[in-house]
Amino acid sequence: MGAPQIPGTTVIAIDPLPEKQALARKCGAHFAGSPGQAGELVAAHAGDGVDVAIEAVGSAKVMEACLDLLTRGGALVSVGLPHPDQMLNVQALPFAGTGKRLIGSYRGDADPARDIPAYIQLWRDGRLPVELLHTDTKPLAEINQGLDDLAEGLVVRRLFTF
């Protein structure tokens, strides 16, 4: 939702689930497709690669795939939290020889005093439709099923009530 706010930015969303691809388009992505379509979408809409890839699922394999989609000097921003046992394996020479960067970002590295008022204004202006991220609300007694649904990609964000 934030990236389309930057003038001149093309947003390509990749997700294995068609429902999540449709949600990405509603949230401002210009193009969306499956992991198998990632290279084709990048080639068609970003030339020799993307300037920035954001990995948000917490998967070392997805991080590796994102690195392959970067252009020379591009940056991979890792937002997802991989399991501690996952290892990131990249060939050192091609990685270093192309000036690619790997950046970790915990909680968006936001400055709440500065960023939250800006996000609220974007929402008020109709440019940040965060309500699209709320799938539903369930009773706290259904927390285990809710976590299973999240892990299976059936929900984006679920709220629980006491």
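Structure first, text after, so check above.
As a starting point, this report considers the structure included with it.

Parameters and conventions
- Numbers given for residues are sequential positions, taken from 1 along each chain in its written order.
- Two thresholds apply to this predicted model, a pLDDT of at least 70 for residue-level local features and 80 or more for giving and counting side-chain atom pairs, whereas whole-chain, interface and lining totals are computed over all residues.
- Water and hydrogen atoms play no part in the side-chain values, which are based on all heavy atoms of the structure.
- By definition here, a salt bridge exists when the distance from a side-chain nitrogen of Lys or Arg to a carboxyl oxygen of Asp or Glu is within 4 Å.
- Relative accessibility under 20% of the residue-type maximum defines a buried residue, over 50% an exposed one, and the middle range a partly exposed one, all with a 1.4 Å probe and only protein chains included.
- Space inside and on the surface of the protein is sampled on a 1 Å grid over the protein atoms alone, with a cavity defined as a set of points where a 1.4 Å probe fits but cannot get out and a pocket as an open set with protein on both sides within 12 Å along at least 5 of 7 lines; lining residues have an atom within 4 Å of a point.
- Grid points are joined across faces, edges and corners, and a volume is the space filled by probe spheres set on the points.
- Segments assigned H or I by DSSP are reported as helices when at least four residues long, segments assigned E as strands when at least two residues long, and all are numbered from the N terminus.
- Three classes are used, and their members are as follows: Ala, Val, Leu, Ile, Met, Phe, Trp, Tyr, Cys and Pro are nonpolar, Asp, Glu, Lys and Arg are charged, and the others, Gly among them, are polar.
- Identification of polar contacts relies on pairs of N or O atoms within 3.5 Å, with a donor-acceptor requirement for protein atoms, meaning one able to donate a hydrogen and the other able to accept it, and with residues adjacent in sequence counted only if both atoms are side-chain atoms.
- The term nonpolar core refers to a set of buried residues drawn from Ala, Val, Leu, Ile, Met, Phe, Trp, Tyr and Cys, joined through side-chain atoms within 4.5 Å.
- Any two residues having at least one pair of non-hydrogen atoms within 4.5 Å are treated as being in contact.
- A strand pair is defined by DSSP finding two or more bridges across the two strands.
- Where helices are involved, their axes are fitted lines through C-alpha atoms of the stretch in contact, as for all axes, and angles between N-to-C directions lie from 0 to 180°.
- Neither His nor the chain termini are counted; the positive set is Lys and Arg, and the negative set is Asp and Glu.

Let us now look at the pattern of salt bridges. Inspection of the entire model under this criterion finds three salt bridges. A salt bridge links R114 to D115; its shortest N-O distance comes to 2.6 Å. For D115, a relative accessible area of 10% corresponds to the buried category. Bridged by salt links that share partners, the residues D136, D149 and R158 form one connected network.

A separate point is the layout of surface pockets. Roughly 190 Å³ of volume is contained in the second largest pocket. Looking at the lining of the second largest pocket, the elements with two or more residues in it are helix 3 (60-69) and helix 4 (92-97). Looking at the lining of the second largest pocket residue by residue, the class counts come to four nonpolar, three polar and three charged.

This part takes up the side chain of D115. Structurally, D115 is set in helix 5 (residues 112-124). There is a polar contact of 2.6 Å between the side chain of D115 and the side chain of R114.

Nonpolar side chains tend toward joint burial in soluble globular proteins. Counting eight residues, the largest nonpolar core consists of V42, V50, A53, M63, C66, L67, L70 and L76. Of all the secondary structure elements, the ones that give two or more residues to this core are strand 3 (50-55), helix 3 and strand 4 (70-78). In terms of residue count, helix 3 provides more of this core than any other element does, three residues in total. If we ignore the near neighbours within four places in the chain, the residues touching L70 are D48, G49, V50, D51, V52, A53, A75, L76, K100 and R101. Core analysis: the second largest hydrophobic core is formed by five residues, V11, A13, A29 and A32 among them.

To continue, consider the sheet that holds strand 3. Strands sit in the order 3-4-5 across an open sheet of three strands; the sheet is parallel. The open sheet is flanked by strand 3 and strand 5 (101-104), the only strands paired with a single partner. Across the sheet, the mean angle from the axis of one strand to that of its neighbour is 20°, orientation sign disregarded. Looking at chain direction, strand 4 and strand 5 are connected through four bridges and run parallel. Opposite S78, over in strand 5, you have G104 as the bridge partner. Taken strand by strand, helix 3 contacts strand 3, strand 4 and strand 5, and its axis lies near 155° from that of strand 4.

On the secondary structure map, E55 appears in strand 3. Although E55 lies buried, it forms no salt bridge, and the closest oppositely charged side chain, R157, sits 12 Å away as judged by the N-O distance. Leaving out residues up to four positions away in the same chain, E55 has contacts with V62, M63, C66, L76, V77, S78, V79 and G80.

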